[in-house]
Amino acid sequence: MAKVSLDKLKTVVSENAAYGKEGAGEKALPEPKIDTQGRSYATGKRKDAIARVWIKPGTGKVTVNGRDSKVYFARPVLRMLMNHPFVVVGREAQYDVMCSVSGGGLSGQAGAVRHGISKALTYYEPALRSILKKEGFLTRDARVVERKKYGHKKARRSFQFSKR
């Protein structure tokens, strides 16, 4: 391997900067993924629920399966869970969300919507990815219900043993 002087290295780095290439240790952000209608789309999953989420700049209106989020997710805990990505990145009431959710129960659906919103936010504003990833919103929660086993009442519960 050839030895390179520090002066030579400085010229190489400055040439790369002149051509618009990223320097050492810096990564260029990916381009935002926005469709012709100004929306970003992402799919979120949690347990058996799958959420298709579109976000676009707006007033903070959230629509789930054609209904307002306050009607669909009646419990405040579920709405808080769903809006948590916006709170963390400081974008409350700046995006309109339209999503369709299927499968699972309400808790799984709220988690799927949260996962979808987080992914869609990173597609719309790639700079937010590090914040959302640090909070764990971009990780798909793989915990699902354990299946029932043969010869058992439930997944782990056995029938009561009787000696006589």
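The following refers to the structure shown. (Residues numbered from 1 in each chain as written. Predicted model: local features only at pLDDT ≥ 70, side-chain atom pairs only at ≥ 80, totals over all residues. Heavy atoms only, no water.)

The subject of this paragraph is the pattern of salt bridges. Inspection of every chain in the model, using the stated rule, returns 6 salt bridges. The partner of Arg143 in a salt bridge is Asp141, and the shortest N-O contact between them spans 2.8 Å. Taking the relative accessible area as the measure of exposure, Asp141 reaches 24% and is therefore partly exposed. For the salt bridge of Lys149 with Glu146, the shortest nitrogen-to-oxygen distance reads 2.6 Å. Judged by its relative accessible area of 25%, Lys149 is partly exposed. Note on Glu146: relative accessible area 39%, which makes it partly exposed. Connected through salt bridges with shared partners, the residues Arg46, Asp141 and Arg143 form a single ionic network. (Salt bridge = Lys/Arg side-chain N within 4 Å of Asp/Glu carboxyl O. Buried < 20%, exposed > 50% of the residue type's maximum accessible area, 1.4 Å probe, protein only.)

In this structure the tally under the stated criterion is 4 aromatic pairs. Aromatic side chains Tyr41 and Trp54 sit 5.0 Å apart centroid to centroid with 45° between the ring planes, which places their arrangement in the tilted category. Taken together, the positions of Tyr41 in strand E1 (residues 40-46) and Trp54 in strand E2 (residues 49-57) put the pair 13 residues apart, joining distant regions of the chain. Classification of Tyr41 as partly exposed rests on a relative accessible area of 37%. A relative accessible area of 15% places Trp54 in the buried class. Connected via pairs of aromatic rings, a cluster forms that spans Phe86, Tyr95 and Tyr124. (Phe/Tyr/Trp six-rings, centres within 6.5 Å; stacked < 30°, edge-to-face > 60°. Helix = DSSP H or I, 4+ residues; strand = E, 2+ residues; numbered from the N terminus.)

Time to look at the pairing of E1. Burial of the side chains of E1 is restricted to one face: Ser40, Ala42, Gly44 and Arg46 are buried, whereas none of Tyr41, Thr43 and Lys45 on the reverse face is. The sheet contact formed by E1 and E2 spans 7 bridges and is antiparallel. Its bridge partner lying in E2, Gly44 is registered against Ala51. From the end of E1 to the start of E2, which pair antiparallel, there are 2 residues, and Lys47 there has a positive phi angle of about 50°. (Pairing = 2+ DSSP bridges.)

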